[in-house]
Structures are given as C-alpha cells and as structure tokens.
Amino acid sequence: MAAFDYVAVDAGGRTVTGALTAADEGAARGLLERRKLMPLEIAPARGAAQKPGRVATGRAGKLNAKTLALTTRQLSTLVSVAPIEEALRTIALQADRPAVRRVLEGVHGGVMEGRRLSDAMALQGQAFPPLYRAMVSAGETSGALEPILERLADGLERDQTVRGKVITALVYPAV
C-alpha cells in the first residue's frame with residue numbers, strides 16, 4: 001500500500017484535499033470516486049518515509065498544548081453547526097503551520113475513509129494524547145461528542161492559564 005495526496009471536487013463543487021492509502025494510483029482514484037469525489041490531482045505523498053495512514057507531523061509528531069487547545073475549541077464550535085468532516089476540513093484549511101495542517105488533513109482523511117474520529121486521531125501518532133483520544137471515543141460512543149469536545153477545550157484552556165501563571169511565578173524572582 002502506498003500513500004497518496006489528492007485534490008478533488010465534491011458534489012457541492014467545493015475543493016477537497018487530503019491523503020489516503022491505496023495499492024496504486026488507479027485504486028486511489030477508484031476510492032475517491034466511491035466517496036463521490038471527482039479527483040483532480042493524485043500524487044504520491046510527500047515524505048516517502050512515512051507509514052501508510054500516518055501523517056508526518058514534525059517536532060516528534062506532537063501538537064503543542066496551545067495548538068491542541070485552540071484546535072479543540074475550534075472543533076467544538078464547528079461541530080455544533082456542521083458535520084465533523086466539514087469542520088475538520090475547515091480547520092485544516094485555516095491552520096497557519098504546515099505541520100498542524102498535515103495532522104488535521106490526516107484526521108479528515110481518516111474520517112472520510114469511514115473511521116471514527118478517535119481512530120483517525122490515533123493514526124496521527126503522538127499528535128493527540130491518549131487521554132484526549134479516549135475522551136473523544138467516549139463522546140462518539142455515547143452520542144455526546146459536542147459537549148465532550150467543549151469540556152476538553154475548557155480543560156485544555158484552563159491548563160494553559162495555569163501553565164502561564166506558573167511560568168510567570170517562576171520567572172518573576174529570577175528577573
């Protein structure tokens with residue numbers, strides 16, 4: 001199996017980008033057509049050393065706490081008004097850093113392949129912590145994904161606030 005990056009158009013005429021794994025380019029094209037996407041461009045994935053189904057994320061494959069909190073807040077907000085696939089695609093397109101964009105495109109691709117959100121996150125290596133993925137999985141299973149994402153966002157933002165206060169308290173005496 002090989003990894004491919006693609007650009008396609010969905011039924012609504014919107015451009016969709018992502019990554020998928022398939023035996024060859026023809027199989028990748030067939031997979032996109034079964035998803036009701038019209039492929040415009042299919043190319044071997046950048047970074048041939050990456051494993052199929054995984055996205056290279058840089059910096060040991062981990063999203064930093066601030067980025068994870070922001071992404072979770074955006075996801076919790078968008079999931080309340082749009083399908084999860086569209087929310088992930090929107091957040092990925094708006095990501096400033098390429099590493100974050102690749103992670104989110106990988107999650108979006110996994111969801112588009114039919115995986116659960118938590119399983120698609122697990123394919124991204126260490127980008128999402130195990131407890132985070134377990135909470136998302138519990139939210140999916142119970143049908144309460146939206147409130148779970150909101151609670152995760154609140155908790156991560158609270159952690160960021162506490163972390164900032166601790167750093168300030170430690171730096172102040174040194175200055």
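Check the entry above for the structure.
All values derive from a computational prediction rather than experimental measurement. Counting restarts for each chain, with residues numbered from 1 along the sequence as it is written. Reporting of local features is limited, given that this is a predicted model, to residues whose pLDDT is at least 70; pairs of side-chain atoms are given and counted only at 80 or more, and all residues count toward the totals for whole chains, interfaces and linings. Hydrogens and water molecules were not included; the side-chain quantities draw on all heavy atoms of the structure.

1. Considering a nonpolar patch on the surface
The condition that has to hold: What goes into a patch is any residue over 30% in relative accessible area without a salt bridge, connected to like charges within 9 Å or, for nonpolar side chains (Val, Leu, Ile, Met, Phe, Trp, Tyr), within 5 Å. Note that accessible areas follow from Shrake-Rupley with a 1.4 Å probe, and for residues the cover is restricted to the protein chains shown. The term salt bridge refers to a side-chain nitrogen of Lys or Arg lying within 4 Å of a carboxyl oxygen of Asp or Glu. Helix numbers and strand numbers start at the N terminus; a helix is a DSSP run of H or I with at least 4 residues, a strand a run of E with at least 2.
A cluster of nonpolar side chains, namely Val162, Val166, Ile167, Leu170, Val171 and Val175, defines an oily patch on the protein surface of about 600 Å² accessible area. Counting through the fold element by element, Val175 comes out in the segment after α7 (145-174).

2. Focus: the sheet that holds strand β3 (residues 38-44)
Quick reminder of the rule: At least two DSSP bridges between two strands are required for those strands to pair. Axes here mean lines fitted to C-alpha atoms, for a helix over just the part in contact, with angles spanning 0 to 180 degrees between N-to-C directions. Contacts: residue pairs with any heavy atoms within 4.5 Å of one another.
Spatially, the 3 strands line up as an open sheet ordered β2-β1-β3, and their pairing is antiparallel. Where the open sheet ends on each side, the last strands, each with one partner, are β2 (15-22) and β3. Within the sheet, the average angular offset between the axes of one strand and its neighbour, ignoring direction, is 25 degrees. Relative to β3, strand β1 (residues 2-9) is paired through 6 bridges, and the arrangement is antiparallel. Residue pairing in the sheet places Val7 in a bridge with Glu41 of β3. Docked against the sheet, helix α1 (residues 25-34) engages β1, β2 and β3, running at close to 145 degrees with respect to β3.

3. Here we look at the packing of helix α2 (residues 65-79) against helix α3 (residues 84-94)
The cut-off we apply is this: Any angle that is under 35 degrees is reported as roughly parallel, and any over 145 degrees as roughly antiparallel; angles of 65 to 115 degrees are reported as roughly perpendicular and all others as oblique. In this scheme, a crossing is called left-handed if the near helix is turned counterclockwise away from the far one by less than a right angle; it is called right-handed if the turn is clockwise.
Their axes nearest at 9 Å, the elements α2 and α3 cross at an angle of 140 degrees. By the angle between their directions, the pair α2 and α3 is classed as oblique. Of the two elements, α2 crosses α3, and the hand of that crossing is right-handed. When α2 is examined against α3, the residues Thr71, Gln74, Leu75, Leu78 and Val79 are found in contact with a partner set consisting of Ile84, Ala87, Leu88, Thr90 and Ile91.

4. Focus on the packing of aromatic side chains
The condition is simple: Between the rings of Phe, Tyr and Trp (Trp by its six-membered ring), a pair exists once the centres lie within 6.5 Å; its type follows the angle of the planes, with under 30 degrees stacked, over 60 edge-to-face, and the other angles tilted. When a residue's accessible area, from a 1.4 Å probe over protein chains only, is under 20% of the maximum for its type it is buried; when over 50% it is exposed; and in between it is partly exposed.
In this structure the tally under the stated criterion is 1 aromatic pair. Ring centres of Phe128 and Tyr132 lie 5.6 Å apart, and the angle between their planes is 25 degrees; this geometry places the pair in the stacked category. Of the two residues, Phe128 and Tyr132, neither departs from the other in class, the shared state being buried.

5. Overview of the packing of α3 against helix α4 (residues 98-112)
Going by this rule: Polarity classes work like this: nonpolar for Ala, Val, Leu, Ile, Met, Phe, Trp, Tyr, Cys and Pro, charged for Asp, Glu, Lys and Arg, and polar for all others, with Gly in that last group.
Packing of α3 against α4 leaves a shortest axis separation of 8 Å and a crossing angle of 160 degrees. One way to sum up the angle between α3 and α4 is to call them roughly antiparallel. The hand of the α3/α4 crossing is left-handed. Touching Ile84, Glu85, Leu88, Arg89, Ile91, Ala92 and Leu93 of α3 are Arg101, Leu104, Glu105, Val107, His108, Val111 and Met112, all from α4. For the contact of α3 with α4, the per-class residue count stands at 9 nonpolar, 1 polar and 4 charged.

6. Some thoughts on unusual backbone geometry
Comment: phi is negative for the bulk of residues other than glycine, and the bulk of peptide bonds are trans. Unusually for a residue other than glycine, Lys36 sits at a positive phi of about 65 degrees. Taking relative accessible area as the criterion, Lys36 reaches 66% and is therefore assigned exposed.

7. What about the pattern of salt bridges?
One pass over the full model with this rule turns up 6 salt bridges. We note a salt bridge from Arg115 to Glu113, for which the minimum N-O separation is 2.3 Å. Of the residues examined, Arg115 reaches a relative accessible area of 35% and is grouped as partly exposed. The class for Glu113 is partly exposed, based on a relative accessible area of 31%. Several salt bridges share partner residues, and in doing so they unite Arg35, Glu113 and Arg115 into one network.

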